[in-house]
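Below are the chains, spelled out letter by letter.
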Amino acid sequence: MRMPAYIIDSPTVLRHGVEFPLLVGDDAFLTKGKSYPRAVSFEHGDSQALFIGGVVSTAEINTICAGIAEEIASRFSKQKILLIQVLEGSRPFSDQVILCLQSNFPAQSYEVAALKVCSYTHGSQANGHKIILPLHNAKGEIHNLADFDTVVVLDDLLDMGNTIHWLITKYLAKLNAPAIKAFFMLEKERRRTSAVNRTLAQSEALCGCLVPDKWVVGFGLDINLPGTTGQAPLHLFRSELPGGIYAFNDNIEQKLIKEYQNSPDDLMKQLRVYIGAI
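Residues numbered from 1 in each chain as written. Predicted model: local features only at pLDDT ≥ 70, side-chain atom pairs only at ≥ 80, totals over all residues. Heavy atoms only, no water.

Moving on: the sheet that holds strand E6 (residues 51–57). Pairing in this open sheet of three strands is antiparallel, and the strands run E6-E17-E14 from one edge to the other. Looking along the sheet, the strands with just one partner apiece sit at the ends: E6 and strand E14 (216–217). Sheet topology places E14 next to strand E17 (residues 244–248); two bridges connect them, and they run antiparallel. Of the residues in E17, the one forming a bridge with Val216 is Ala247. Sheet strands in contact with helix H1 (residues 58–75) are E6 and E17, and its direction is about 40° off that of E6. (Pairing = 2+ DSSP bridges. Helix = DSSP H or I, 4+ residues; strand = E, 2+ residues; numbered from the N terminus. Contact = heavy atoms within 4.5 Å. Axes fitted to C-alpha atoms, helices over the stretch in contact; angles between N-to-C directions.)

Printed below as a string of structure tokens:
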């Protein structure tokens, strides 16, 4: 069974490097007028560093996007293809790949579409799938894909793979897609079900690079802290972070969720986050 290949074999991992300007200062990370603390204090008195450091630099992201654009142009040079942006978070990655196609492969015939799927209802834990915005382009909803030679799915992160498996086998297949391929910016290093692996193999998945199995943020990747009953979810790091992509420290995701549900005002104050400004 063919597993995903990678544009970059070993991404640069830095903790306090020039390539990751978010990780500067003694007490806070500074980014585009916003600041985040180096560490978060929780209700039982323990404190934990917010990030372990950089995982993928901006330069490496650019290399990944250029490599994926080149692969698309090479595989489908004489085909009419549809590029599909999956989820809102994948927009920066998809836009960069499309920009590389426009700049370096202007003869490639393609159209662009997007859809929104709600998969994550508890932090990074997938729990069912729901189409929030169906497949569409500037002209409206797309009901049939038979006019394209190949459908190319662009997503920023291959995690457990349940969303991409569902999207390819349950949603896009019903739209008469003749062939479906998948390209990812990152892949988390983790085990997947045999069904997901079959879908990845059949779609000839290509990934930018392999990253640790930690919660990563930046370049469209964010984290959703679900609230309790009647409490709005809190999305962190939805705006662009400078320098690349960062990883949260071990186990901090569940602590952040619990802290937001138990002491939301304190957590938002620490993170300099205000619900009305998100």
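Turning our attention to the packing of aromatic side chains. One pass over the full model with this rule turns up three aromatic pairs. Relative to Phe248, the ring of Phe51 has its centre 5.4 Å away and its plane inclined at 0°; by these criteria the two rings are stacked. Linking Phe51 in strand E6 with Phe248 in strand E17, this pair joins segments that are 197 residues apart in sequence. Judged by its relative accessible area of 1%, Phe248 is buried. Taking 6.2 Å as the distance between ring centres and 25° as the angle between the ring planes, the aromatic pair formed by Trp166 and Tyr171 counts as stacked. Look at Tyr171 and you get buried, because its relative accessible area is 16%. (Phe/Tyr/Trp six-rings, centres within 6.5 Å; stacked < 30°, edge-to-face > 60°. Buried < 20%, exposed > 50% of the residue type's maximum accessible area, 1.4 Å probe, protein only.)

Turning to the packing of H1 against helix H2 (residues 91–104), a few remarks are in order. Contact geometry of H1 with H2 gives a least axis separation of 8 Å together with a crossing angle of 55°. Of the possible angle classes, the one that applies to H1 and H2 is oblique. The handedness of the crossing between H1 and H2 is right-handed. For the pair H1 and H2, contact is made by Asn62, Cys65, Ala66, Ile68, Ala69, Ile72 and Ala73 and by Phe93, Gln96, Val97, Cys100 and Leu101, respectively. Of the residues contributing to the contact of H1 with H2, the split by class is ten nonpolar, two polar and no charged. (Parallel < 35°, antiparallel > 145°, perpendicular 65-115°, else oblique. Left-handed = near helix turned anticlockwise from the far one by under 90°. Nonpolar A, V, L, I, M, F, W, Y, C, P; charged D, E, K, R; others polar.)

Note that all results are geometric; they support no functional claim without further evidence.
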